[in-house]
Structures are given as structure tokens and as C-alpha cells.
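Coordinates in review
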Amino acid sequence: MTVPFYPWTVWIWAAFDPALIVVAVYLGWTASQFGKVFIAAIAALGFSVLFSWAVSAAGIPWPAPITHDGPTFFPVRAIAALLWAMIGYGARRVIARRA
């Protein structure tokens, strides 16, 4: 059995899933403590995977589809969710300092 090869663009799309970005940044923005960023990332990961799966199952084109025979890239999505949530958390702190 050979290991499947996926181009790097597929990996990038998994990290830049629009549903993942929106939910992670919003939940990171609303986190009151840094520890809650991890919870926000887990919630964003779960939502984005379910949303991407539902959109893909409906046959609607999506930048980061999840299909039964395609890759899900959970590690890439998890790290991206954490980074996007940290960006949301940090952005709120920067804006709060300037106000």
C-alpha cells in the first residue's frame, strides 16, 4: 500500500478554512483569559469540521472539503484553530489598550 500524496495547496486550504477562521477568531476575541483560547480552538475545530462535512455532503463547493475518501488534516486544522484563536485574543487586547 502506498502513502497518498497531497499537494501543499490542500494543506494550506485546511488551515484557511473560512468557517474555522470566523469561529476561532470570534471565540478567541470573546475569551476573557488566555487559557480559554484553547477551549475556543477546540470548539472552532469541531464546528468547522462539522460545517465543512455538511457543506461537502450537500455537494456545495467549499475551499476545504471533508469527504469520505479525502483527507481531513486534523493536525493542520487543530494548529490553525489555535493560531486563529490566539490572533483573535491578541487583537482584542491590543485594541483594548489603545482605547
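First, a word on scope: everything that follows refers to the structure included in this document. Model, not experiment: these values are computed from the prediction.

**Some thoughts on the overall build of the protein**
On a plain count of helices and strands, the protein comes out with four helices and zero strands. Counting from the amino terminus, the protein carries its helices and strands in the arrangement α-α-α-α. By its C-alpha atoms, the protein is 55 × 30 × 20 Å across when sized along the principal axes. Among the 99 residues that make up the protein, the fraction classed as buried is 30%. For the protein, restricting intrachain contacts to residue pairs at least 6 apart in sequence, the fraction spanning at least 24 positions comes to 77%. Carbon together with sulfur atoms contributes 76% to the accessible area of the protein, which is approximately 6,500 Å² in total.

**Details of the nonpolar core**
In terms of nonpolar packing, the biggest core is built from 20 residues, with Leu20 and Ala85 touching the most fellow members. Of all the secondary structure elements, the ones that give two or more residues to this core are α1 (8-15), α2 (18-30), α3 (36-57) and α4 (74-98). Apart from the residues lying within four places of it in its own chain, the contact partners of Leu20 are Ala14, Ala15, Ala44, Leu45, Ser48, Arg77, Ala80, Ala81 and Trp84.

**Comments concerning the packing of aromatic side chains**
What the rule picks out here adds up to six aromatic pairs. Ring centres of Trp11 and Phe73 lie 4.4 Å apart, and the angle between their planes is 50°; on these two criteria the pair is classed as tilted. Remark: Phe73 occurs in the loop between α3 and α4 and Trp11 occurs in helix α1; sequence separation between them is 62 residues. Given a relative accessible area of 10%, Phe73 falls into the buried group.

Thresholds, definitions, all that
Residues numbered from 1 in each chain as written. Predicted model: local features only at pLDDT ≥ 70, side-chain atom pairs only at ≥ 80, totals over all residues. Heavy atoms only, no water. Helix = DSSP H or I, 4+ residues; strand = E, 2+ residues; numbered from the N terminus. Buried < 20%, exposed > 50% of the residue type's maximum accessible area, 1.4 Å probe, protein only. Contact = heavy atoms within 4.5 Å. Areas by Shrake-Rupley, 256 points an atom, 1.4 Å probe, with all protein chains shown as cover. Core = buried A, V, L, I, M, F, W, Y, C linked by side-chain atoms within 4.5 Å. Phe/Tyr/Trp six-rings, centres within 6.5 Å; stacked < 30°, edge-to-face > 60°.

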